[in-house]
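# Structural features, examined
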Amino acid sequence: MSVTTIGDMAWQFGSMRRGSAIKSDLAQLSASLSSGRVSDVTSHLGGETGRFTAINHSLAQLAAFGLAARETDQLLSVAQTGLGQFNELRGQLTAQLLLVADHSTTAQVDQAATSARGALDVLVAVLNTRVADRAIFGGQDVNNTPVIRADEMIS
């Protein structure tokens, strides 16, 4: 039986190649360990990237749903604030208008009318509130102002 040997120079080059491969693997594994992410996903999964792609797709959908939820939350918060302001102003105006009766003086009636006119301006402004250039009380037509100006309404 014959023994096959390699020369000293070939042995050295083989050893250097194996050492270089070990250093490369060690660097790759260290980077993966420190970042918490696998650097070569395809080889890590053994070529089965379908599940990985499905998970990434699901994460992208969840991020989009989260963004839509945050936008909706902002829109509803502004709408709720506007409706609260609307209700508070309505209550104040109602209390003031209930004081006007047949025996009220002209000054009291004029004051109630001035308050009602100011309240109408505020109420129209609340109904025309826009968030991100969208009318929040505009229904499906979010591009246009839902209520005409108070002075146009009165005239």
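Source: prediction; values computed, not measured. (Residues numbered from 1 in each chain as written. Predicted model: local features only at pLDDT ≥ 70, side-chain atom pairs only at ≥ 80, totals over all residues. Heavy atoms only, no water.)

To continue, consider the packing of aromatic side chains. Throughout the structure, instances matching the rule amount to zero aromatic pairs. Residue placement shows R18 over the ring face of W11; its charged tip is 5.8 Å from the ring centre. (Phe/Tyr/Trp six-rings, centres within 6.5 Å; stacked < 30°, edge-to-face > 60°. Lys NZ or Arg CZ within 6 Å of the ring centre and 35° of its normal.)

Here the focus is the confidence of the model for the chain. When pLDDT is low, close inspection of the predicted coordinates is not appropriate. Summing up the model confidence of the chain, the mean pLDDT is 87 and the portion of residues at 70 or higher is 99%. At the low end of the mean pLDDT range in the chain sits helix α2 (residues 41-44), at 73; at the high end sits helix α3 (residues 50-98), at 92. (pLDDT = per-residue confidence, 0-100. Helix = DSSP H or I, 4+ residues; strand = E, 2+ residues; numbered from the N terminus.)

Taken together, the side chains of I55, L59, L62 and F65 make up a nonpolar region of the molecular surface, amounting to roughly 440 Å² of accessible area. Judged by its relative accessible area of 55%, L62 falls in the exposed class. (Patch = residues over 30% accessible without salt bridge, like charges linked within 9 Å, V, L, I, M, F, W, Y side chains within 5 Å. Areas by Shrake-Rupley, 256 points an atom, 1.4 Å probe, with all protein chains shown as cover. Salt bridge = Lys/Arg side-chain N within 4 Å of Asp/Glu carboxyl O. Buried < 20%, exposed > 50% of the residue type's maximum accessible area, 1.4 Å probe, protein only.)

Here we take up unusual backbone geometry. Its identity is not glycine, yet A132 carries a phi of approximately 55 degrees, on the positive side. Tracing the backbone through its elements, the reader meets A132 in the loop between β1 (130-131) and β2 (134-135). Even without being glycine, D133 reaches a positive phi, approximately 60 degrees. When you line up the elements, D133 lands in the loop between β1 and β2. A residue is classified by how much of its surface remains accessible, and D133, at 59% relative accessible area, is exposed.

Once that is clear, we can look at the side chain of S104. If you trace the backbone, S104 turns up in the loop between α3 and α4 (106-127). Given the relative accessible area of 15%, S104 is considered buried. At 2.7 Å, the side chain of S104 forms a polar contact with the backbone nitrogen of A101. (Polar contact = N/O pair within 3.5 Å; in protein donor to acceptor, adjacent residues only side chain to side chain.)

Here α3 is 49 residues long and its end C-alpha atoms lie 70 Å apart, about the 72 Å a rise of 1.5 Å per residue gives. Looking at α3, one finds that the buried residues are A79, G82, L89 and L93. Contacts from the buried residues of α3 go to α4. (Expected span 1.5 Å × (residues − 1). Contact = heavy atoms within 4.5 Å.)

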